[in-house]
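Residues per chain are reported as follows:
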Amino acid sequence: MKRLQVFGIAALGFLAATASAFAQAKKWETVKIATEGAYAPWNFTGPGGKLEGFEIDLIAELCPRMKVKCEIVAQDWDGIIPALSAGKYDAIMAGMQITDKRLETINFSRPYARTPGAFLVPKDSPLAKVPNDKVFDIGADAAAAQKAADEIKPLLKGKVVGVQGSTTLATMMERLFQGVEIREYKTTEQHDLDLAAERVDAVAAATTTLDTTLSKPGFENFVIAGPGFTGGFMGRGVAAGLRKADQDLKVMFDEAIASALADGTISRLSQKWFKRDLAAK
């Protein structure tokens, strides 16, 4: 009888604790989402200071599926993860790749898009002759990816390559192209301006970003060159960054993204902004 009494008390304690945990779970009515606002066409600041781009449109699609109101805020890239951890907002949608390094600090939703990194160079650059028709998956075949990088590395000898700091592209340059001089920038727009002004000889960025750069006035004499690199330390796809503690919010994002992938919404938005389907199938 005493054992049954003890068991009963323990069971009641467990149920009370469980009920308390559920009572304390946050009911998400508003989700504040940070984006960089300087990474076209993923996200950028348009005329009048209005945020636009693929991820801005995607947020407008995901939030009704999650049955929440969303607020979008612009945040500089170099402080975007610390500010999430500090509770300044609840999620990040800023062309951010899932990487092991970032997973040490934050969590991610399932990926909604995938894009490789490559180079933008003047048409008279030696690198311009290297076709941009192959993509090497570093995670699937690191040796093949390194061999491809080694083959074009001599074409970058004595050159300076611009890259946005604290990105997977910066990691690509450091790991695959050791010995090549790189110059880090706060935004992709800044390294594009220096490329046009001949202060750097090439830039490394996501092919989607390079497509947008080529559409701007003043870049008629540039071309995307060299093979693309993806996977491994380059990331497992672009996803929403979330705090590890907010598992319920991750479930909400995962389900909304799955729905938008299944009905073709993300493919449609990808074609609108990138002129290619980058949906993470």
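The structure displayed is predicted, hence computed values, not measured ones. (Residues numbered from 1 in each chain as written. Predicted model: local features only at pLDDT ≥ 70, side-chain atom pairs only at ≥ 80, totals over all residues. Heavy atoms only, no water.)

Chemist: What's the story with the domain arrangement of the protein chain in this structure? I'm lost.
Modeler: Frequently, the measure chosen for interface size is the accessible area removed from exposure when the parts meet. According to the domain assignment, the protein chain contains domain 1 (30–114 + 235–274) and domain 2 (117–234). Taking only C-alpha atoms into account, the centre of domain 1 sits 24 Å from that of domain 2. Contact with domain 1, which involves 14 residues of that partner, is made by 18 residues of domain 2. Between domain 1 and domain 2, a total of about 1,200 Å² is buried, with carbon and sulfur atoms accounting for 47% of that surface. Contact with domain 2 buries surface across domain 1, with Tyr39, Trp77 and Gly235 losing the most and accounting together for 36% of the total. Where Asp76 meets Lys186, a salt bridge forms, and the shortest distance between an N and an O atom there is 3.4 Å. Counting every contact that joins domain 1 to domain 2 gives eight residue pairs in polar contact (both at pLDDT 80 or more). (Domains from an automatic or database assignment. Contact = heavy atoms within 4.5 Å. Buried area = accessible area lost by both parts, 1.4 Å probe. Salt bridge = Lys/Arg side-chain N within 4 Å of Asp/Glu carboxyl O. Polar contact = N/O pair within 3.5 Å; in protein donor to acceptor, adjacent residues only side chain to side chain.)

Chemist: Sorry if this is basic, but what is going on with the sheet that holds strand E11 (residues 181–185) here?
Modeler: Strand pairing in a sheet relies on backbone hydrogen bonds, with the paired strands running either antiparallel or parallel. Ordered by their spatial adjacency, six strands build an open sheet running E9-E13-E8-E12-E10-E11, and the pairing between neighbours is mixed. Across the chains shown, the open sheet's two edge strands, defined by having one partner strand only, are strand E9 (135–137) and E11. Put simply, the sheet's adjacent strands are angled 25 degrees from each other on average, direction ignored. One ladder, built from five bridges, connects strand E8 (residues 117–122) with strand E13 (residues 222–230); its direction is antiparallel. Bridge pairing in E13 links Leu120 to Ile224. Contacting E8, strand E10 (160–164), E11, strand E12 (202–206) and E13, helix H7 (residues 188–196) runs over the sheet at an angle of about 150 degrees to E12. Along the sheet face, helix H8 (residues 207–214) touches E8, E12 and E13 and points at about 125 degrees away from the line of E12. (Pairing = 2+ DSSP bridges. Helix = DSSP H or I, 4+ residues; strand = E, 2+ residues; numbered from the N terminus. Axes fitted to C-alpha atoms, helices over the stretch in contact; angles between N-to-C directions.)

Chemist: How should I be thinking about the packing of helix H2 (residues 54–66) against helix H10 (residues 265–274) in this particular structure?
Modeler: Remark: H2 packs on H10, axes separated minimally by 9 Å, with the N-to-C direction vectors making an angle of 160 degrees. Taken together, the axes of H2 and H10 lie roughly antiparallel to each other. Crossing of H2 over H10 shows right-handed handedness. Note on element contacts: H10 touches H2 through Thr265, Ile266, Arg268, Leu269, Ser270, Lys272, Trp273 and Phe274, opposite Phe54, Asp57, Leu58, Glu61 and Arg65. (Parallel < 35°, antiparallel > 145°, perpendicular 65-115°, else oblique. Left-handed = near helix turned anticlockwise from the far one by under 90°.)

Chemist: Any chance you could explain the confidence of the model for the protein chain here in plain terms?
Modeler: Reading predicted coordinates in detail is not appropriate for stretches of low pLDDT. Here the protein chain averages 91 in pLDDT, while 91% of its residues score no lower than 70. Taken together, the stretch residues 1–24 has pLDDT below 50 and engages in zero contacts with residues farther than four places along the chain or on a different chain. (pLDDT = per-residue confidence, 0-100.)

Chemist: How should the packing of aromatic side chains be read in this particular structure?
Modeler: Given two aromatic rings, one states the distance between the centres and the angle between the planes to describe the pair. Applying the stated criterion across every chain, the model contains 10 aromatic pairs. Plain terms: the ring middles of Trp42 and Phe54 are 5.6 Å apart, the flat faces sit at 90 degrees to each other, and that makes the pair edge-to-face. Residue Trp42 is found in the loop between strand E2 (38–39) and strand E3 (43–45), and its partner Phe54 is found in helix H2; the two are separated by 12 residues along the sequence. Judged by relative accessible area, Trp42 falls into the buried class, the value being 0%. Through a chain of ring-to-ring contacts, three or more aromatic side chains come together here, namely Tyr39, Trp42, Phe54, Tyr112 and Phe274. (Phe/Tyr/Trp six-rings, centres within 6.5 Å; stacked < 30°, edge-to-face > 60°. Buried < 20%, exposed > 50% of the residue type's maximum accessible area, 1.4 Å probe, protein only.)

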